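Read off the chains here:
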Amino acid sequence: MAATRNPNSAHPPITAVLFDFDDTLVSTYAARLDALQRVFAEAGITDPTAEAFLRDMSGRQLEDALRPLEEREGLPPLRLFQDYRYTYWTKTAGFVNLFPGVRELLEELHRRSLKLAIVTQKGWVFEVEGRTVGASQELAEAGVSHFFSTGVGFESVTNHKPHPEGVLLALEHLNARPEQCILVGDTPADIGAAKAAGCWSVHATWGIPEANYTHLRTDADFVIDTPERLLELPVF
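These remarks concern the structure in this document. Everything numeric in this text was worked out from a predicted model, so none of it was measured.

### Observations regarding the packing of helix α3 (residues 62-73) against helix α4 (residues 79-89)
Between α3 and α4, the shortest axis-to-axis distance is 8 Å and the interhelical angle comes to 130 degrees. When the axis of α3 is compared with that of α4, the two are oblique. Each of Leu62, Glu63, Leu66, Leu69 and Glu70 in α3 lies in contact with α4, whose residues at this interface are Arg79, Leu80, Phe81 and Tyr84. Here the contact of α3 with α4 is composed, by residue class, of six nonpolar, no polar and three charged.

Given below as structure tokens:
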């Protein structure tokens, strides 16, 4: 894994910015928590609580995180994951909102002709009950899909964050070099993937519930608490 670098030393110009999706660009925590609470209640699971479970995921893929709980409860494999996926993706429209300042940041990055992409643990595009869903659809719902050249979701890779496969695939699509790329995310898995790929890593804290923030520690190159602070970083 790449070591943290000195941002004040000479470096190639930034040409691309990669973003995580949930809790970085869009606020979906309430929707995810509501869906998981419903699933846990139906399964009779009270320990851990849905809130504690989400807090301790640290960016892991949900299917993998739920598997030990299914085994503990004697549930069929993927039962909780499939129930959650159905419950979340059949949610009422309007649950997904951009964080304040994100739209303005994307507009400015686009104005500067930087290449933009998303690397997420969510499925990018798939169907549930005959309905097309996924991060790509939520991005369109938020009204900012036109800023992004590509998106890498759960189904696009074999190895998920903190493995760098998704980041490297996005860079391949963008025809961008890791040392000229910044990845912005809210979890240790995001930061690990960025550093393993050789990108600059930015820990975005604006979407992390305050009660959860103390559980997250990363060795990111930068930590920022508002979207507009991204453009103040010395690598630009």
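### Some words on the packing of aromatic side chains
Summed over the entire model, instances satisfying the criterion amount to six aromatic pairs. Centre to centre, the rings of Tyr84 and Tyr88 are 5.9 Å apart; their planes meet at 20 degrees, and the pair counts as stacked. Taken together, the residues span about one helical turn, with Tyr84 and Tyr88 both in helix α4 at a distance of four residues. Here the aromatic rings of Trp89 and Phe126 are separated by 5.6 Å at their centres, their planes lie at 90 degrees, and the arrangement is edge-to-face. Taken together, the positions of Trp89 in helix α4 and Phe126 in strand β5 (residues 126-128) put the pair 37 residues apart, joining distant regions of the chain. Judged by its relative accessible area of 18%, Phe126 falls in the buried class. One residue, Lys91, lies across the ring of Tyr88, its end atom 3.8 Å from the ring centre.

### Structural notes on the environment of Gln37
Looking at where Gln37 falls in the secondary structure, it is placed in helix α1 (residues 29-43). Separated by 47 residues in sequence, Gln37 and Tyr84 place their C-alpha atoms 9.2 Å apart.

### What to know about unusual backbone geometry
Note the cis peptide between Asp47 and Pro48, where omega equals 5 degrees. Inspection of the secondary structure puts Pro48 in the loop between α1 and α2 (50-55). Cis geometry is adopted by the peptide bond preceding Pro162, which originates at Lys161 and carries an omega value of 15 degrees. Note that Pro162 resides in the loop between β7 (150-152) and α7 (165-174). Non-glycine residue Leu78 carries a positive phi angle of around 75 degrees. Relative to the elements of secondary structure, Leu78 occurs in the loop between α3 and α4. Classification of Leu78 as partly exposed rests on a relative accessible area of 29%. With a phi angle near 65 degrees, Ser113 is a residue other than glycine that sits in the positive phi range. One can find Ser113 in the loop between α5 (102-111) and β4 (115-119).

### A word on the pattern of salt bridges
Throughout the structure, instances matching the rule amount to 18 salt bridges. Across the pair Asp23 and Arg32 runs a salt bridge whose closest N-O atoms are separated by 2.5 Å. Taking the relative accessible area as the measure of exposure, Asp23 reaches 8% and is therefore buried. Note on Arg32: relative accessible area 13%, which makes it buried. Close ionic contact of Lys195 with Asp221 constitutes a salt bridge, the shortest N to O distance being 3.9 Å. Note that Lys195 is positioned in helix α8 (residues 188-197) and Asp221 in the loop between α9 (210-213) and β10 (222-224), a separation of 26 residues in sequence. Of the two residues examined, Lys195 and Asp221, each falls in the buried class.

Reading guide: rules and limits
Residues numbered from 1 in each chain as written. Predicted model: local features only at pLDDT ≥ 70, side-chain atom pairs only at ≥ 80, totals over all residues. Heavy atoms only, no water. Axes fitted to C-alpha atoms, helices over the stretch in contact; angles between N-to-C directions. Helix = DSSP H or I, 4+ residues; strand = E, 2+ residues; numbered from the N terminus. Parallel < 35°, antiparallel > 145°, perpendicular 65-115°, else oblique. Contact = heavy atoms within 4.5 Å. Nonpolar A, V, L, I, M, F, W, Y, C, P; charged D, E, K, R; others polar. Phe/Tyr/Trp six-rings, centres within 6.5 Å; stacked < 30°, edge-to-face > 60°. Buried < 20%, exposed > 50% of the residue type's maximum accessible area, 1.4 Å probe, protein only. Lys NZ or Arg CZ within 6 Å of the ring centre and 35° of its normal. Salt bridge = Lys/Arg side-chain N within 4 Å of Asp/Glu carboxyl O.

These figures capture arrangement, not role.
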